[in-house]
Amino acid sequence: MTDADPTGPEDEARADPAPESGDEDLVFLDDSAPDGTAPDGERCAEEQPGSRWTMLIVDDEPEVHAITKLVLSDFAYKGRKARFLSAHSAAEARRILARESDIALILLDVVMETEDAGLRLVHHIREELRNRNVRIILRTGQPGQAPERAVILDYDINDYKAKTQLTAQQLFTTTVAALRSYEDIVTIDANRRGLEKIIEASSSLFRARSMKLFAAGVLTQLSGLLGVGPDAILCVQRGGAGAAGCTPSGCAPSASADGLYVLAGSGRFEALINEPAAGHVDPAVLDAVTACLEKQAHGYAGDHCTLYIRTPNDRETVVYLRSNRPLSDLDRKLIEVFCGKISVGFDNLHHYEQLYRAQQGTLAALADLAERGRGALGTDGPAAEKAAEGERFSRSLRIAAITERIARRLHADGLFPESLDESTLEIIGLAAILHDIGNAAVDPDILAKPGPLDPAERSAMQTHTLAGAALLHQASHLADGPTHLHLGAAVARWHHENWDGTGYPDGRTGAAIPLCARIVAVADAYDAMTRDRPYRPALGRAQAVEEIRRLAGLRFDPAVVDAFLAVLPEIDGPGSGAGTAV
């Protein structure tokens, strides 16, 4: 028997601001423009950002604005027409630049409200706004006041023209050259930022220690990289998903060789995680995912894309991303780089999870051996022995799953940061499996006794905490800490200490009891109360929860009990791994 059971006989897109008054329309003689440009330079509702080249004219002479727009009224470059914004002073230009992010070209006068207003605006754009992309063409009617050589050397401008020299043909040629340069710079900058995102995303992804977290990270990073909508689904071919079992973040479903299941999802797919794709995923989405697997290649459509990821060990993954725009060539190139870089991550995580499961199985087997004995094995023949063995094995994994869920909830709530770092969260479930390893030193007849223990038996039973701690402490010397053996030694020794100091073996109180032991105490008690015992049938879940709630502040840490209550739906929910064999 175990004394974990307190009921036992031993009693234990914001809107754009209003346009500036100086903004004018491409067709400046009419109230509205037939080509889709609204008055004051505003875009029409149906017009997409980037569908026109945005140009800002900054000059204090209204005639310059009118002539420039007239000369370029039929301008088009690479199928995109012009969208003009007007500012009649440097101050007005600053306000426009603050609200407009896609200005490609600025035609800028030097002398306006002051003799160097234009040059000061250049400094503001390059140094304060840090805008290195926009092309700036200085136009001046008084070249002597701002000598061309000095201006070119001292200011980051792209061309310098005297107004008297700038013919219609020269204006057209200068504009095309500036836009071509702007397009190249934007492309290079987008490539740079995209590659930076890929490097940053890959670094953060490879810190993940579970396939579920890694897959969710892939969706997040791809959505951010491409700027697409929230609906994303990631399916893995079942044959490559691995056998069912518990990982540091939960339990995976069993898999058939030819099916698909949802490994991660966002938006409308978020509720489908761990569900079979067939019958849960929209037929159109499922067809796209299946087609991607069959072709073994990325697929691109107007409103979505499917990304095929094949790992070095021939595991196949498909990512479905819904987008509100066709992906550009740059987007596709970034996708190919990203998918190639993370493909190895799926293999690494698969190997990690297999090792974790093997480690779980080894520890659960050791815990089972510690419980074995003449009485523990039963007397009803091989079938009963096998059933009892399976129950003990499952119980260890249930306690591990409950322990980790409680710990992760405490971590998510920002509690005990000094005790619950990422490394601890990864091993606390393994440590929980070993909590009763000291039972190997207890007489099997005491472990299997169906009735209350007498004082001598209870004293002998309580020695399992010291025996387990000594065994794990000795084993922990073989590895650099902290490991599940170091944590397990603390759990084994102190998981029967009570919050109010009435527990054993040391009579510790409150925060003097290690947090890992306080968490396992709740997980162990809940599991014990909801199982049949030699001396009583299992309590109902509601009754067990009420008993744990009652013992908060007496036997259990109130904060741990609160976290347990918060994750109870996960513990008792389908596929939780707590309450069923895993």
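Reading the values: rules and limits
Residues numbered from 1 in each chain as written. Predicted model: local features only at pLDDT ≥ 70, side-chain atom pairs only at ≥ 80, totals over all residues. Heavy atoms only, no water. Helix = DSSP H or I, 4+ residues; strand = E, 2+ residues; numbered from the N terminus. Areas by Shrake-Rupley, 256 points an atom, 1.4 Å probe, with all protein chains shown as cover. Buried < 20%, exposed > 50% of the residue type's maximum accessible area, 1.4 Å probe, protein only. Contact = heavy atoms within 4.5 Å. Polar contact = N/O pair within 3.5 Å; in protein donor to acceptor, adjacent residues only side chain to side chain. pLDDT = per-residue confidence, 0-100. Expected span 1.5 Å × (residues − 1). Axes fitted to C-alpha atoms, helices over the stretch in contact; angles between N-to-C directions. Parallel < 35°, antiparallel > 145°, perpendicular 65-115°, else oblique. Left-handed = near helix turned anticlockwise from the far one by under 90°. Nonpolar A, V, L, I, M, F, W, Y, C, P; charged D, E, K, R; others polar. Pairing = 2+ DSSP bridges. Phe/Tyr/Trp six-rings, centres within 6.5 Å; stacked < 30°, edge-to-face > 60°. Lys NZ or Arg CZ within 6 Å of the ring centre and 35° of its normal. Salt bridge = Lys/Arg side-chain N within 4 Å of Asp/Glu carboxyl O.

With that out of the way, let us pick up the overall build of the protein chain. Counting its regular elements, the protein chain contains 16 helices and 13 strands. Within the structure as shown, the protein chain displays about 26,400 Å² of accessible surface, and the carbon and sulfur contribution to it stands at 54%.

Restricting attention to buried positions, one finds in helix 2 (residues 90-99) the residues Ala-90, Glu-92, Ala-93, Ile-96, Leu-97 and Arg-99. Elements in contact with the buried residues of helix 2: strand 1 (53-58), strand 3 (80-87), strand 4 (103-109) and helix 3 (117-128).

Okay, the side chain of Ser-86 next. Note that Ser-86 resides in strand 3. Within polar-contact distance, the side chain of Ser-86 engages the side chain of His-65 at 3.0 Å.

For the protein chain, per-residue confidence averages 77 on the pLDDT scale, and residues scoring 70 or more make up 75% of the total. Between the elements of the protein chain, mean pLDDT differs from a low of 42, seen in strand 8 (residues 245-247), to a high of 96, seen in strand 1. Overall, residues 9-40 carries pLDDT values under 50, and its contacts beyond four positions in sequence, including any with other chains, amount to 75 contacts. Note on residues 373-381: pLDDT is under 50 here. Beyond four places in sequence and across chains, it has 12 contacts.

So, on to helix 12 (residues 455-476). In this model helix 12 runs 33 Å from its N-terminal to its C-terminal C-alpha over 22 residues, within 8% of the 32 Å that 1.5 Å per residue would give. For helix 12, the set of buried residues is Glu-457, Met-461, His-464, Thr-465, Gly-468, Ala-469, Leu-472 and Ser-476. Of the surrounding elements, those touching the buried residues of helix 12 are helix 11 (444-447) and helix 13 (484-494). A distance of 3.1 Å separates the backbone nitrogen of Ala-456 from a side-chain oxygen at the start of helix 12, and that oxygen is part of Asp-454.

Here we come to the environment of Leu-307. Structurally, the position occupied by Leu-307 is in strand 12 (residues 304-310). In this structure Leu-307 comes out as buried when scored by relative accessible area, which is 0%. What Leu-307 contacts, discounting residues up to four positions off in sequence, is Leu-222, Cys-292, His-298, Thr-317, Val-318, Val-319, Leu-321, Ile-335 and Cys-339.

Once that is clear, we can look at the packing of helix 8 (residues 329-371) against helix 10 (residues 422-433). Where helix 8 contacts helix 10, the axes come no closer than 8 Å and their chain directions differ by 20 degrees. Here helix 8 lies roughly parallel to helix 10, going by the angle between them. Helix 10 is crossed by helix 8, and the crossing has right-handed handedness. Residues Tyr-352, Tyr-356, Gln-359, Gln-360, Leu-363, Ala-364 and Ala-367 of helix 8 lie in contact with helix 10, whose contacting residues are Glu-426, Leu-430 and Ile-433. A class-by-class count of the residues in the contact of helix 8 with helix 10 yields seven nonpolar, two polar and one charged.

Once that is clear, we can look at the packing of helix 13 against helix 14 (residues 515-529). Between helix 13 and helix 14, the least distance of the axes is 8 Å, while the angle of their chain directions is 60 degrees. Comparing the axis directions of helix 13 and helix 14 gives the class oblique. When you trace helix 13 past helix 14, the crossing you get is right-handed. Residues Leu-487, Ala-490, Val-491 and Trp-494 of helix 13 touch helix 14, and the partners they reach there are Cys-516, Ala-517 and Val-520. Across the contact of helix 13 with helix 14, the residue classes tally to seven nonpolar, no polar and no charged.

As a further point, take the sheet that holds strand 4. The six strands are arranged 2-3-1-4-5-6 in an open sheet whose pairing can be described as mixed. This sheet does not close on itself; its edge strands, each paired only once, are strand 2 (76-77) and strand 6 (159-162). Both strand 4 and strand 5 (residues 135-140) contribute to a ladder of five bridges, which runs parallel. Bridging from a neighbouring strand, Ile-106 pairs with Ile-136 of strand 5. In the packing of helix 2 onto the sheet, contacts are made with strand 1, strand 3 and strand 4, and the angle to strand 3 comes to roughly 135 degrees. Taken strand by strand, helix 3 contacts strand 1, strand 4 and strand 5, and its axis lies near 175 degrees from that of strand 5.

As for its position among the elements, His-464 is in helix 12. Taking relative accessible area as the criterion, His-464 reaches 0% and is therefore assigned buried. Counting along the chain gives 29 residues from His-464 to Arg-493, while the straight-line C-alpha distance between them is 8.2 Å. There is a polar contact of 3.1 Å between the side chain of His-464 and the side chain of Asp-436.

Summed over all chains, the structure comprises four aromatic pairs. When the ring of Trp-53 is compared with that of Tyr-77, the centres are 5.6 Å apart and the planes differ by 35 degrees; the resulting orientation is tilted. Within this pair, whereas Trp-53 is found in strand 1, its partner Tyr-77 is found in strand 2, the two being separated by 24 residues in sequence. A relative accessible area of 2% places Trp-53 in the buried class. Overall, Tyr-77 belongs to the buried group, its relative accessible area being 9%. Here the guanidinium or amino end of Arg-332 rests over the ring plane of Tyr-300, the centre of that ring lying 4.1 Å away.

Within this structure, the stated rule accounts for 25 salt bridges. With a shortest N-O distance of 3.0 Å, Arg-493 and Asp-506 are connected by a salt bridge. Of this pair, Arg-493 sits in helix 13 while Asp-506 sits in the loop between helix 13 and helix 14, and the two are 13 residues apart along the sequence. Among the residues examined, Arg-493 registers a relative accessible area of 25% and is labelled partly exposed. Residue Asp-506 is classed as partly exposed on the basis of its relative accessible area, which comes to 37%. When salt bridges that share partners are traced, they join Arg-126, Glu-127, Arg-130, Arg-132 and Asp-156 into one network.

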